[in-house]
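One-letter residues, chain by chain:
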Amino acid sequence: MSDEILFEKRGKAGFVILNRPKALNALSHAMVRSLAGQLTRWADDPEIAQVVITGTGEKAFCAGGDIRSIYDARMAGKTDGLGVFFREEYLLNAQIKAYPKPYIALINGIVMGGGVGVSVHGSHRIGTERTLFSMPETGIGFFPDVGGTYFLPRMPKQTGIYCALSAGRLKQADALSTGVLTHAIEERSLDDVAVALETAEDINTALAPFLVTPEKGPVAEQADLIENLFSGSSVSDILEDLDGSGEEFARKTASAIRAKSPTSVLIAFEQMKRGKELSFNECMKLEYRIVSRILLENDFYEGIRAAIVDKDQDPAWSPTQFGQVDSATLASYFEEPPEGDLPL
């Protein structure tokens, strides 16, 4: 294994260090496999009382998955096995959700996409004032996966629906108020928190001296408005409500949603409706169904091209309008793939 991900025993804690700072600690397939294997070993290790995951560098905890490699494989004509990365990533997300020991994420900087998947399902999510959370997938022709089907519709006052459709960003205060974070600390205390977790008998007691209460965030300030505007029964209803609001926040949000892949936005909305009623493992199975189909279509690769490869920020979505995505096409993203459902 390369040094992309490091594992250390410190006292009673098993530390996971995501170690690709130049790539904002984006998860490679090898990192996913290595983490899953190590978590299995530590679950049975009596010397390990808790697991702590963190990232190197000053910019990001983890900015997502290594989607560029999937794009490169597709462009090279290597279409077989593109879904294997997501299959194993989603199984890892479920492993973290069901982990038998405290699983503690120390979040400093960007936490997006795959980084959310290896943090938000743990028992403790501790974020500094530099925390920046987002699920930006609709902007690259994808969908809010890695368990977003479960946790986003359970966020208060429709804030998760807002995040899913618009790729809305949450800083520390809003991440705490919506439940993305369970605790808030200052960046300067990160090292001391890590040391305290090495020998902690009780996690909450160990964290208590370091906790801070951030001032109310901008999304929390708009929470009642978000609840009102994102309670519609369809994307068209939501856009109509946003257009008719007269609020600057609503205008900017409507503009953001219209810039995303129409297919992705509609998938995400249907995903949120279904996820609200499903168990975590059922949500992960649903996500595997969606990704299996989305990998066969164009928008995901066009989104990566525009955002990461050519960086022109001008994706050519197909179709280009919400009304051009018919109900049968949308329904097909939620059907069991030919190779079967995720084995959970």
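Up top is the structure these notes are about.
Residues numbered from 1 in each chain as written. Predicted model: local features only at pLDDT ≥ 70, side-chain atom pairs only at ≥ 80, totals over all residues. Heavy atoms only, no water.

A.B. asks: In this structure, what is going on with the overall build of the protein chain? I would like to understand it.
C.D. replies: Assigned secondary structure in the protein chain consists of 17 helices and 10 strands. Taking the principal axes of its C-alpha atoms as reference, the protein chain extends roughly 55 × 45 × 40 Å. Residues counted as buried form 54% of the 344 residues belonging to the protein chain. Considering only intrachain contacts with a sequence separation of at least 6, the fraction spanning at least 24 residues in the protein chain is 73%. Carbon and sulfur atoms provide 48% of the accessible area of the protein chain, an area that totals close to 14600 Å². Positive and negative side-chain charges in the protein chain, numbering 34 and 48 respectively, have mean positions lying 2 Å apart. (Helix = DSSP H or I, 4+ residues; strand = E, 2+ residues; numbered from the N terminus. Buried < 20%, exposed > 50% of the residue type's maximum accessible area, 1.4 Å probe, protein only. Contact = heavy atoms within 4.5 Å. Areas by Shrake-Rupley, 256 points an atom, 1.4 Å probe, with all protein chains shown as cover. Lys, Arg positive; Asp, Glu negative; His and termini not counted. Charge placed at Lys NZ, Arg CZ, Asp CG, Glu CD.)

A.B. asks: When you look at the sheet that holds strand 6 (residues 110–112) in this model, what are you seeing that I'm missing?
C.D. replies: Paired through backbone hydrogen bonds, the strands of a sheet run either parallel or antiparallel to each other. Here we have 4 strands laid out as an open sheet, ordered 4-6-8-9, and mixed in their pairing. Each having just a single partner strand, strand 4 (60–62) and strand 9 (170–171) make up the two edges of the open sheet. Pairing geometry for strand 8 (residues 132–134) and strand 9, over 2 bridges, is antiparallel. Following the sheet pairing, F133 is matched in strand 9 by L170. (Pairing = 2+ DSSP bridges.)

A.B. asks: I keep staring at the pairing of strand 1 (residues 5–10) and nothing clicks. Help me out?
C.D. replies: In terms of strand pairing, strand 1 meets strand 2 (residues 13–18) through 6 bridges, oriented antiparallel. Bridged to L6 within strand 2 is I17. Here strand 1 hands over to strand 2 after 2 residues, with G11 in that stretch at a positive phi of 60°.

A.B. asks: Explanation requested: the environment of P144 in the structure shown.
C.D. replies: One can find P144 in the loop between strand 8 and helix 5 (148–151). Take P144: its relative accessible area is 0%, and that puts it in the buried class. Residues within four places of P144 in sequence aside, it is in contact with M135, E137, T138, T149, L152, A164, A268, Q271, M272 and E287.

A.B. asks: I'm lost on the sheet that holds strand 1 in this one. Help?
C.D. replies: An order of 1-2-3-5-7-10 is seen for the 6 strands of this open sheet, with the pairing classed as mixed. Looking along the sheet, the strands with just one partner apiece sit at the ends: strand 1 and strand 10 (183–184). For strand 7 (residues 124–127) and strand 10, the ladder comprises 2 bridges, and the chain directions are parallel. Paired with I126 across the two strands is H183, which belongs to strand 10. Packing of helix 1 (residues 29–43) onto the sheet brings it into contact with strand 1, strand 2, strand 3 (50–55) and strand 5 (103–107), and relative to strand 1 it is tilted by some 20°. (Axes fitted to C-alpha atoms, helices over the stretch in contact; angles between N-to-C directions.)

A.B. asks: Whenever I open this one, the side chain of Q271 confuses me. Can you help?
C.D. replies: Tracing the chain through its elements places Q271 in helix 14 (residues 262–275). Residues contacting Q271, with those up to four places away along its chain left out, are F143, P144, G148, T149, E287, I290 and F334.

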